[in-house]
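Listed here are the chains, written in short residue letters.
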Amino acid sequence: MYRRKFLRRASQALAGLMGFPLLSKPSSLPELPFDSAEREIDPRDEAYWALVREQFPLTKERVYLNTGGLGASPYVVIAAVQEKINELERISETGHGEELWRGMKEKAGQILGCKAEEIAYTRNATEGCAIVCNGLPLQRGDEVITTTHEHVGNTLSWLARQKREGIVMKIFEPSTNAAQENIDRIARLITPRTRALSIPHITTSTGQILSVKQIGELAAGHKLWYFVDGAQAAGMMPVNVHEIGCHAYATSGHKWLLGPKGTGLLYVREDALDLIEAKHLGGYSNIGEFDMTTGAFQFHPSAQRYEYGTMSTPLFVGLGAAMDFLLRIGMQNIWRHNFALATALREGLNRLGVEVNSPQAQNEHSAMITFTLKNRAREEVTKFLLEKFKLRTRGIYEGGLNAVRVSLHVYNSFAEVERVLEGVEGLLG
Ligand SMILES: Cc1ncc(COP(=O)(O)O)c(C=O)c1O
């Protein structure tokens, strides 16, 4: 025990001397209460959310408002990764094990509302999108409906298939006026050649929550394959993929889930495992032995068939710790908090007379609010906010916008929303 402590201190001191202090939780920092998820936590309970904020090494020298780009990880996640690296590097093993994988996938199932067997680990949301796009049995002339507000991570694979194989992309502009309008826009694009529907759960551009359940009903009515890009939803709000009714759903581990960078989750519904063909194959994609003489091999019966080759166990253990962290706070509590902050920002921007690109409707705007300042380039706005107000936001060009996006997660506060409003006011002035 004494020896282990000594070694840890010595390695921390050494790392410190080298200019890389290890990020570890201060010993005086209280744990988050274990029972948070079981009670309703007021988004304005300052003491509680301040305690949540303290769980992150994230600098306070600036305000971090770009979770839609990348989420910050709490100490518990960093420690879980560090410890797993230490454990595995000492024995030089991958650490991959059925039991460990399954345990972590059960947590993912709680976050996404599905079975552990329906989850595959990926390196990011983009990989999940690409697996689905390239795995669907589409022919030349088959049509796929998607939006004009896609993130490059979902759209490039589809565009490449269009170019390479002659599938046809049909696009619609998401309306921020009414959910029904989007359902009508999709319905108008459906023809006898339509095979698939690929849409984001929450748009990267305006943070609009699309009515994915109703759209799923429309897709099912026309027997379309239905893919939802959930990069911006998992970890921000409760998600239930079974209720959405999609065949597949991809998300990042390193945005709202607050996991290590280079992690993602792909859900594929049990009955779609043979529909969406696993194309990148290798160790862990199959069960049993392959036979070179007959050419026979067997896919893994679960979504694990989409995993291939050696993966980083420490990163996925870190993702498991991140999901535990979120589940301990409770997804409903997180969503209420994030949504309350976003509402305060949206209303504040409205009061300032700024153009808000995000929907005004309560059930359509998420914890990301996007706004446009007249006659100002987005780069100018993000630079001003960063330099003068220490606010890290993100410029938005997607969907043809010249706008700025603010993401609000568990580590953000109402005081920070006020600071954004002051910054915007500073620019208007
Ligand atoms: C809607 C959407 N899809 C996909 C991605 C790509 O995510 P990743 O970097 O995890 O591949 C993003 C990233 O911002 C996104 O917003």
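Just so it is clear, the structure is predicted and the values come from calculations on it, not from any experiment.

## Points about the packing of aromatic side chains
- According to the stated counting rule, one finds ten aromatic pairs in the structure shown.
- Aromatic pair Y48 and W49: ring centres 5.1 Å apart, planes at 90°, arrangement edge-to-face.
- Given the relative accessible area of 6%, W49 is considered buried.
- Among the aromatic residues, those joined into a cluster by ring pairs are F56, Y64, F325 and Y411.
- The lysine or arginine in question, R44, covers the ring of F414, its NZ or CZ lying 3.7 Å from the ring centre.
- A cation over a ring is seen here: K105 above Y121, with NZ or CZ 5.0 Å from the ring centre.

## Focus: the pattern of salt bridges
- This model, assessed by the stated rule, comprises 25 salt bridges.
- Here E181 makes a salt bridge to R188, at a shortest N to O gap of 3.6 Å.
- The class of E181 is partly exposed, set by a relative accessible area of 26%.
- Overlapping salt bridges bring together K25, E31 and R328 as one network.

## As for helix α13 (residues 414-428)
- Between its first and last C-alpha atoms α13 spans 21 Å; for 15 residues at 1.5 Å apiece the expected length is 21 Å, and the two agree.
- Of all the residues in α13, the buried ones are F414, E416, V417, V420, L421, G423, V424 and L427.
- Buried residues belonging to α13 abut β1 (63-64), α11 (331-352), β12 (368-372), α12 (378-389), β13 (391-392) and β15 (403-407).

## Some points on the nonpolar core
- Judged by nonpolar contacts, the single largest core of 69 residues is most densely connected at L112, Y226 and Y249.
- Judged by nonpolar contacts, the second largest core, of 25 residues, contains A340, A342, I369 and V417.

## Examining the pairing of strand β2 (residues 119-122)
- Both faces of β2 are covered, namely the face carrying I119 and Y121 and the face carrying A120 and T122.
- The pairing of β2 with strand β8 (residues 264-268) spans four bridges and is classified as antiparallel. Within the sheet, the bridge partner assigned to T122 lies in β8 and is G264.

## Considering the sheet that holds β15
- Reading across the sheet, the four strands line up as β11-β12-β15-β14 and stay open at both edges, with antiparallel pairing between neighbours. Looking at which strands have only one partner, the edges of the open sheet turn out to be β11 (355-356) and β14 (394-396).
- Each of β11, β12 and β15 touches α11; the most contacted strand, β12, lies at about 15° to it.

## Comments concerning a negative patch on the surface
- Together, E40, D42, D45 and E46 make up a negatively charged patch on the protein surface.
- By the secondary structure assignment, D45 is in the loop between α1 (2-17) and α2 (46-54).
- Judged by its relative accessible area of 30%, D45 falls in the partly exposed class.

## Regarding the sheet that holds strand β5 (residues 194-200)
- The strand order across the open sheet built from seven strands is β2-β8-β7-β6-β5-β3-β4, with neighbouring strands paired in mixed fashion. Lying at the two open borders of the sheet, with one neighbouring strand each, are β2 and β4 (168-172). Sheet twist, expressed as the average angle between the axes of neighbouring strands with direction ignored, equals 20°.
- Examined bridge by bridge, strand β6 (residues 225-229) and strand β7 (residues 248-252) share three bridges and lie parallel to one another.

## Re empty space enclosed by the protein
- Scanning the model with the defined rule gives one cavity of 30 Å³ or more in all.
- Together, V132, L136, A196, L197, W225, Y226, F227, H247 and I276 line the largest cavity.
- Those elements giving two or more residues to the lining of the largest cavity turn out to be β5 and β6.
- By residue number, the principal contributor to the lining of the largest cavity is β6, which donates three residues.
- The class makeup of the residues in the lining of the largest cavity is eight nonpolar, one polar and no charged.

What counts, and at which threshold
- Residues numbered from 1 in each chain as written.
- Predicted model: local features only at pLDDT ≥ 70, side-chain atom pairs only at ≥ 80, totals over all residues.
- Heavy atoms only, no water.
- Phe/Tyr/Trp six-rings, centres within 6.5 Å; stacked < 30°, edge-to-face > 60°.
- Buried < 20%, exposed > 50% of the residue type's maximum accessible area, 1.4 Å probe, protein only.
- Lys NZ or Arg CZ within 6 Å of the ring centre and 35° of its normal.
- Salt bridge = Lys/Arg side-chain N within 4 Å of Asp/Glu carboxyl O.
- Helix = DSSP H or I, 4+ residues; strand = E, 2+ residues; numbered from the N terminus.
- Expected span 1.5 Å × (residues − 1).
- Contact = heavy atoms within 4.5 Å.
- Core = buried A, V, L, I, M, F, W, Y, C linked by side-chain atoms within 4.5 Å.
- Pairing = 2+ DSSP bridges.
- Axes fitted to C-alpha atoms, helices over the stretch in contact; angles between N-to-C directions.
- Patch = residues over 30% accessible without salt bridge, like charges linked within 9 Å, V, L, I, M, F, W, Y side chains within 5 Å.
- Areas by Shrake-Rupley, 256 points an atom, 1.4 Å probe, with all protein chains shown as cover.
- Lys, Arg positive; Asp, Glu negative; His and termini not counted.
- Charge placed at Lys NZ, Arg CZ, Asp CG, Glu CD.
- 1 Å grid on protein atoms, 1.4 Å probe; cavity = no way out; pocket = protein on both sides within 12 Å on 5 of 7 lines; lining within 4 Å.
- Points joined across faces, edges and corners; volume = space filled by probe spheres on them.
- Nonpolar A, V, L, I, M, F, W, Y, C, P; charged D, E, K, R; others polar.

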